[in-house]
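Residue-level structure breakdown
Chain residues, written in single-letter form:
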Amino acid sequence: QVFDLMITDLMMPNMDGMELLREARNISPNMAVILLTAHGTVETAVAAMKIGAFDYLTKPLSSPDALRTIASRALSDRKLKKNNDNNEPFADMVAEDPKMKSVLQLISKVAATDAAVLLLGESGTGKEIAAQMIHRLSSRSDASFVAINCAAVSDTLVESEMFGHEKGAYTGASEQRIGRFEQADKGTLFLDEVGELPLSMQAKLLRVLQEQKFERVGGNNTISVDVRIIAATNRNLAIEIQNGRFREDLFHRLSVFPVNIPPLRERKADILPLAKFLLTNISKRLSRPGLTLSKESENDLLNYNWPGNVRELGNMLERAVILSDTNLITNENLSISSSIDEKTSPVTSQQSASLRDLEKIAIKQALDETDGHRKKAADKLGI
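Throughout what follows, the structure given in this document is the object of discussion. Remember, predicted model here, so these are calculated numbers, not experimental data.

Definitions and limits used
Residues numbered from 1 in each chain as written. Predicted model: local features only at pLDDT ≥ 70, side-chain atom pairs only at ≥ 80, totals over all residues. Heavy atoms only, no water. Patch = residues over 30% accessible without salt bridge, like charges linked within 9 Å, V, L, I, M, F, W, Y side chains within 5 Å. Areas by Shrake-Rupley, 256 points an atom, 1.4 Å probe, with all protein chains shown as cover. Salt bridge = Lys/Arg side-chain N within 4 Å of Asp/Glu carboxyl O. Helix = DSSP H or I, 4+ residues; strand = E, 2+ residues; numbered from the N terminus. Buried < 20%, exposed > 50% of the residue type's maximum accessible area, 1.4 Å probe, protein only. 1 Å grid on protein atoms, 1.4 Å probe; cavity = no way out; pocket = protein on both sides within 12 Å on 5 of 7 lines; lining within 4 Å. Points joined across faces, edges and corners; volume = space filled by probe spheres on them. Nonpolar A, V, L, I, M, F, W, Y, C, P; charged D, E, K, R; others polar. Pairing = 2+ DSSP bridges. Axes fitted to C-alpha atoms, helices over the stretch in contact; angles between N-to-C directions. Contact = heavy atoms within 4.5 Å. Parallel < 35°, antiparallel > 145°, perpendicular 65-115°, else oblique. Left-handed = near helix turned anticlockwise from the far one by under 90°. Phe/Tyr/Trp six-rings, centres within 6.5 Å; stacked < 30°, edge-to-face > 60°. Expected span 1.5 Å × (residues − 1). Arc of directions from axis to C-beta.

With that out of the way, let us pick up a nonpolar patch on the surface. Taken together, the side chains of Ile363, Leu381 and Ile383 present a nonpolar region at the surface, about 270 Å² in accessible area. Relative to the assigned elements, Leu381 resides in helix H18 (residues 374-381). Look at Leu381 and you get partly exposed, because its relative accessible area is 30%.

As C-alpha cells, this is what we get:
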C-alpha cells in the first residue's frame, strides 16, 4: 500500500531502516520518511537523508511535540510537491496527434465530475496513464488512486481482493484484510481489464456500484464508501454482452462516459515524440543519459505497425538502450525487422512449415498480442 508518511526506527531485526527506506522509495517515491535513531547512528541517518529520507529524530524524543512538528513539516512538504505535480497533469501522456489531443480534451472535461469512465482500447495504449490523469485532475486528487487488474486475480480470490476479508473467512485467511474499495475511499478505483471479471463477481460489483456499500468476505458489518470508478478493457463489451459473458446493466453503470484511446498505428504523429519521451526516461533509469535516435531508426519506428502499442515501443527502446554501445540508437539496436518477421502471418511467411510449426507460431503470436495472457490467447485462437 502507499501512504503519505512513514516513521521508522533505524535499527531493527530482519530488515533495518535503511533497507526499508530503499524498498519504500521503489514503491512510493513521493512518500515522506522520518527516521528514529539512537545518538550513535546519526551519521547513518544523515546518509539515509541523502537517499530520500525527509529528516530524522534522535531517541529518546524530547517530547511528543518534537515528533508532531517534524511530521507536520513532512506532510506539508509532500502536499506542496503533489500540488506541483498536479500543475502538469499531462506530463506522462504525449499527444501531438489530433486523435490524442481530442482524447485529452475529453479527459479534462470528465475529470471535473464524478462520472464513471470506461476507457476502451487495445492492450498497451496507455489506459492506466489516462486513468491516473483523470484522478490527478479531479477533486479527489488528494485521496488515493487504487488500481486492480481484474485479469490478474483468480476467480476464487477476486471478491476478497475487491472487498477484503475477515480473519478466518476461509482457509489461509489468518488476519483481517482491507480490500481495494476501502483503500480507495474518497478517491478513485481503477478496474483494469474489467471485461475479465467472472459473471458472479459482476453481479456483486454492480450492487456495490449502486449502493456504495458492501461486506467483507466472512463479515456481517456493512461498510460504506465514497469511490469514483474508472474501468478499462481491451475487449468489445457489446460482443461480450451478446455472448452472455458480460452483464448489460453493469456495462451501462460503468460506461457513463466512454473514452476510446486509439492504437499507436492510428496516431503516427505521436510515434517519434513518444519514442523520445520514453527514451529520455529509460536512459535516466538505466544511467545512460544523452542517448538519441538515428534517422534510420526513426524511419523504422514510423513504418512499424505497433501491434503492442506504446508498451511495445517502451520495451523495444529499453532493449535498444541495453544493446547500444554508443549514444546513438540505431535500427540494429531496435531489431524492428526481426519483430516484423515474428509478427507476420504464419501462413504467408512459413509456406513450407509443418502443421505443428504453424500451430506453434500461431500460439506464440497470440501470446505476444495478449501480453502472455493465456486465457485471452486461447480465446483469440478459438481453443
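One pass over the full model with this rule turns up 28 salt bridges. In this structure, Lys59 engages Asp9 in a salt bridge whose closest nitrogen and oxygen atoms are separated by 3.0 Å. Taken as a pair, Lys59 in the loop between strand S3 (55-58) and helix H3 (64-86) and Asp9 in strand S1 (residues 5-9) lie far apart in primary sequence, 50 residues in all. Linking Asp185 and Lys186 is a salt bridge whose minimum nitrogen-to-oxygen distance equals 3.4 Å. Relative accessible area serves as the criterion here: at 27%, Asp185 is assigned to the partly exposed category.

Under the counting rule described, the total for this entry stands at one cavity of 30 Å³ or more. Within this model, the largest cavity holds a volume of roughly 30 Å³. Here the residues of the lining of the largest cavity sort into one nonpolar, two polar and three charged.

So, on to the sheet that holds S1. If you trace the three strands from one edge of the open sheet to the other, you get S1-S2-S3, paired in parallel fashion. The two strands at the open ends of the sheet, each matched to only one other strand, are S1 and S3. Strand-to-strand twist across the sheet, computed as the mean angle between neighbouring axes with direction ignored, equals 20°. Both S1 and strand S2 (residues 32-37) contribute to a ladder of five bridges, which runs parallel. Each bridged residue has a counterpart across the sheet, and for Asp9 the counterpart in S2 is Leu36. Docked against the sheet, helix H1 (residues 17-27) engages S1 and S2, running at close to 160° with respect to S1.

Our next topic: the packing of helix H17 (residues 355-369) against H18. Direction vectors running N to C along H17 and H18 enclose 125°, while the axes themselves pass 8 Å from each other. Of the possible angle classes, the one that applies to H17 and H18 is oblique. In the packing of H17 onto H18, the handedness of the crossing is right-handed. Where H17 approaches H18, its residues Ala362, Ile363, Ala366, Leu367 and Glu369 are matched on the opposing element by Arg374, Ala377, Lys380 and Leu381. Among the residues forming the contact of H17 with H18, the class breakdown is six nonpolar, no polar and three charged.

Let us now look at the packing of aromatic side chains. Summed over the entire model, instances satisfying the criterion amount to five aromatic pairs. Centroid distance Phe145 to Phe190: 6.1 Å. Interplanar angle 25°. Geometry classified as stacked. Taken together, the residues Phe145 in strand S5 (residues 145-149) and Phe190 in strand S8 (residues 188-192) connect sequence positions 45 residues apart. Classification of Phe190 by relative accessible area gives buried; the value is 0%. Aromatic pair Phe163 and Phe181: ring centres 5.5 Å apart, planes at 35°, arrangement tilted.

Across the interface, helix H11 (residues 271-285) lies against helix H13 (residues 309-323) with an axial gap of 9 Å and an inter-helix angle of 50°. Between H11 and H13, the angle falls in the class oblique. Once H11 is placed against H13, the crossing between them reads as right-handed. Residues Ile271, Leu274, Ala275, Leu278, Leu279, Ile282 and Arg285 of H11 pack against Val310, Leu313, Gly314, Leu317, Glu318 and Val321 of H13. For the contact of H11 with H13, a count of residues per class yields 10 nonpolar, one polar and two charged.

What follows concerns H11. The terminal C-alpha atoms of H11, which comprises 15 residues, lie 21 Å apart, in line with the 21 Å expected from a rise of 1.5 Å per residue. Taken together, the buried positions of H11 are occupied by Ile271, Leu272, Leu274, Ala275, Leu278, Leu279, Ile282 and Ser283. All buried residues of H11 lie within an arc of 155° about the axis, which places them on one face of the element. For H11, the elements touching its buried residues are strand S13 (292-293), helix H12 (295-303), H13 and strand S14 (328-329).

A few words on the environment of Asn30. Relative to the helices and strands, Asn30 is located in the loop between H1 and S2. Separated by 22 residues in the primary sequence, Asn30 and Gly52 place their C-alpha atoms 9.1 Å from one another.

Everything listed is a geometric property; what it means functionally is a separate question.
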